Amino acid sequence: MVSTKESRLVTLEEYIIQSQNRFPGATGELSQLLRDIGLAAKIISREVNKAGITNILGYDGSTNVHGESVKKLDLFADQQLISALDRSLITCMVISEENDGVVKLGSKGGKYIVYLDPLDGSSNIDVNVSIGSIFSVYMREPRFDPAVREEDALQAGVRQVAAGYVLYGSSTILAYTTGLGVSIFTLDPSIGEFILSDRGIKMPEHGAIYSINEGSYNSWDEGLKKYIKYCQEEDSETNRPYSARYIGSMVADIHRTLIKGGIFIYPHSKRYPKGKLRLMYECNPLSFIIEQAGGMATDGQTRIMELQPKAIHEQTPIYIGSKKNVQTVMEFLEEHA
Ligand code: AHG
Ligand code: MN
Ligand code: MN
Ligand code: MN
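What counts as what
- Residues numbered from 1 in each chain as written.
- Chains lettered and ligands numbered in written order.
- Predicted model: local features only at pLDDT ≥ 70, side-chain atom pairs only at ≥ 80, totals over all residues.
- Heavy atoms only, no water.
- UniProt positions renumbered as here; feature names shortened; annotations may be inferred.
- Helix = DSSP H or I, 4+ residues; strand = E, 2+ residues; numbered from the N terminus.
- Rg over C-alpha atoms; globule rule 2.2 N^0.38 Å.
- Buried < 20%, exposed > 50% of the residue type's maximum accessible area, 1.4 Å probe, protein only.
- Contact = heavy atoms within 4.5 Å.
- Areas by Shrake-Rupley, 256 points an atom, 1.4 Å probe, with all protein chains shown as cover.
- Lys, Arg positive; Asp, Glu negative; His and termini not counted.
- Charge placed at Lys NZ, Arg CZ, Asp CG, Glu CD.
- pLDDT = per-residue confidence, 0-100.
- Polar contact = N/O pair within 3.5 Å; in protein donor to acceptor, adjacent residues only side chain to side chain.
- Donors = N, O, S within 2.8 Å, 3.2 Å for Na, K, Ca; no water.

- The name that an unreviewed UniProt entry assigns to the chain is Fructose-1,6-bisphosphatase class 1, with the source organism given as Gracilimonas sediminicola.
- The Subunit (unreviewed entry) field of the UniProt record for the chain holds the comment "Homotetramer."

**So, the overall build of the chain**
Turning to step 1, where the next piece is worked out: Counting its secondary structure elements, the chain contains eight helices and 15 strands.
Turning to step 2, where the next piece is worked out: Since a compact globule built from 337 residues should have a radius of gyration of about 20 Å, the 20 Å found for the chain is in line with a globular shape.
Turning to step 3, where the next piece is worked out: Viewed in the frame of its principal axes, the chain has a C-alpha envelope of about 55 × 55 × 45 Å.
Turning to step 4, where the next piece is worked out: A burial count over the chain gives 54% of its 337 residues as buried.
Turning to step 5, where the next piece is worked out: For the chain, restricting intrachain contacts to residue pairs at least 6 apart in sequence, the fraction spanning at least 24 positions comes to 62%.
Turning to step 6, where the next piece is worked out: Summed over all atoms, the accessible surface of the chain reaches about 14,800 Å², with 50% contributed by carbon and sulfur.
Turning to step 7, where the next piece is worked out: Distance between charge centres in the chain, computed from 35 positive and 42 negative side chains, equals 2 Å.

**Quick word on the UniProt feature "domain: Fructose-1-6-bisphosphatase class 1 C-terminal" (unreviewed entry) in the chain**
Turning to step 1, where the next piece is worked out: Under the UniProt annotation, "domain: Fructose-1-6-bisphosphatase class 1 C-terminal" (unreviewed entry) lies at residues 203–333.
Turning to step 2, where the next piece is worked out: From the first C-alpha to the last, residues 203–333 spans 24 Å; its make-up is 36% helix and 12% strand.

**Examining the confidence of the model for the chain**
Turning to step 1, where the next piece is worked out: Per-chain confidence: the chain averages 92 in pLDDT, with 96% of residues scoring 70 or above.
Turning to step 2, where the next piece is worked out: For the stretch residues 2–6, pLDDT sits under 50, and the model shows one contact to residues farther than four places along the chain or on other chains.
Turning to step 3, where the next piece is worked out: Two numbers describe this predicted complex: its pTM, 0.95, and its ipTM, 0.99.

**Quick word on the side chain of Asn 124**
Turning to step 1, where the next piece is worked out: Here Asn 124 lies in the loop between strand S5 (112–120) and strand S6 (131–139).
Turning to step 2, where the next piece is worked out: From its side chain, Asn 124 meets the backbone oxygen of Ile 247 in a polar contact 3.1 Å long.

**Here's the deal with the coordination of the manganese ion (ligand 3)**
Turning to step 1, where the next piece is worked out: At 1.9 to 2.1 Å from the manganese ion (ligand 3) lie its protein donor atoms, namely Asp 117 (OD), Asp 120 (OD) and Glu 282 (OE).
Turning to step 2, where the next piece is worked out: Of note, the manganese ion (ligand 3) draws all its donor residues from one chain, in the sequence arrangement D-x2-D-x161-E.
Turning to step 3, where the next piece is worked out: Separating the manganese ion (ligand 3) from the manganese ion (ligand 2) is a distance of 5.4 Å. Within this pair, whereas Asp 117 is found in strand S5, its partner Glu 282 is found in helix H7 (residues 279–292), the two being separated by 165 residues in sequence. Both residues of the pair, Asp 117 and Glu 282, belong to the buried class.

Written out as structure tokens, the structure reads:
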């Protein structure tokens, strides 16, 4: 006798098909793309969970376009995601943190462009702290032009057709949106399926957590310094002082912000004059998720998803989280500009 709980299990595959059936004109291609990402996520999760006993920790010896030393798991995740996307001939090109230029896939006629941060939080791999993968999907314009060009990929975040992340934490979860709210799935390794665990997430309007690397305090703008001091003052009305939480993996910091509320900030600094985080494969996809849950994401002045990219690897400062928290920090930045 199957318990009622078991009978309510909805797998990622079933959920994607159910969602697709709500769109009579849907061709099923985006559904297939999301399933491909789900498959790669399971393979990466298996590798992450035994990283300590297989030779997948440590550096690969190369550096990426950002001058970062590349970890073996960065490359493993990159290869798994790209080969999964190359299987179903619907993605014409992939732009990934770990590849300098665009990766043109076999399917020249594919109508999707996918941005990837294949492994986010690489500095945490060797110390067993949560890491993630991030994806962002665009429709290619003009469609079916056999010449696959990099400039086709330079689209503002508002044109994303889907975005999401995988978080390899105490459990492995996959969160995604196609613009109809955020759905979250938890991997049950005993059956190798992502099971629906939450949907239609709405994040708190205001949160009592701030998340920033305080090591770069000396190079912050005056307004940001004043805002962080504001977070630390006593005020029971606004639940201050806030708690400080910083994991160093953007996916983990954003997932906590999605669930508990608050604000995550990566500002520009002396070391990163344009900010460290990448617009197209970190900030846009995570902003899409946070906005779909009722939150907000800006570069300090402009909505992240309205920034017009000029380069596929460009960086941006980011202030992202509960609407009230982001509005307050923007007031501080403006007041002390
Ligand atoms: P990645 O591992 O994909 O290069 O991303 C690392 C990013 C992001 O995950 C995190 O929020 C940020 O780097 C942490 O940077 P600091 O170590 O400078 O705080
Ligand atoms: Mn990196
Ligand atoms: Mn990253
Ligand atoms: Mn990365």
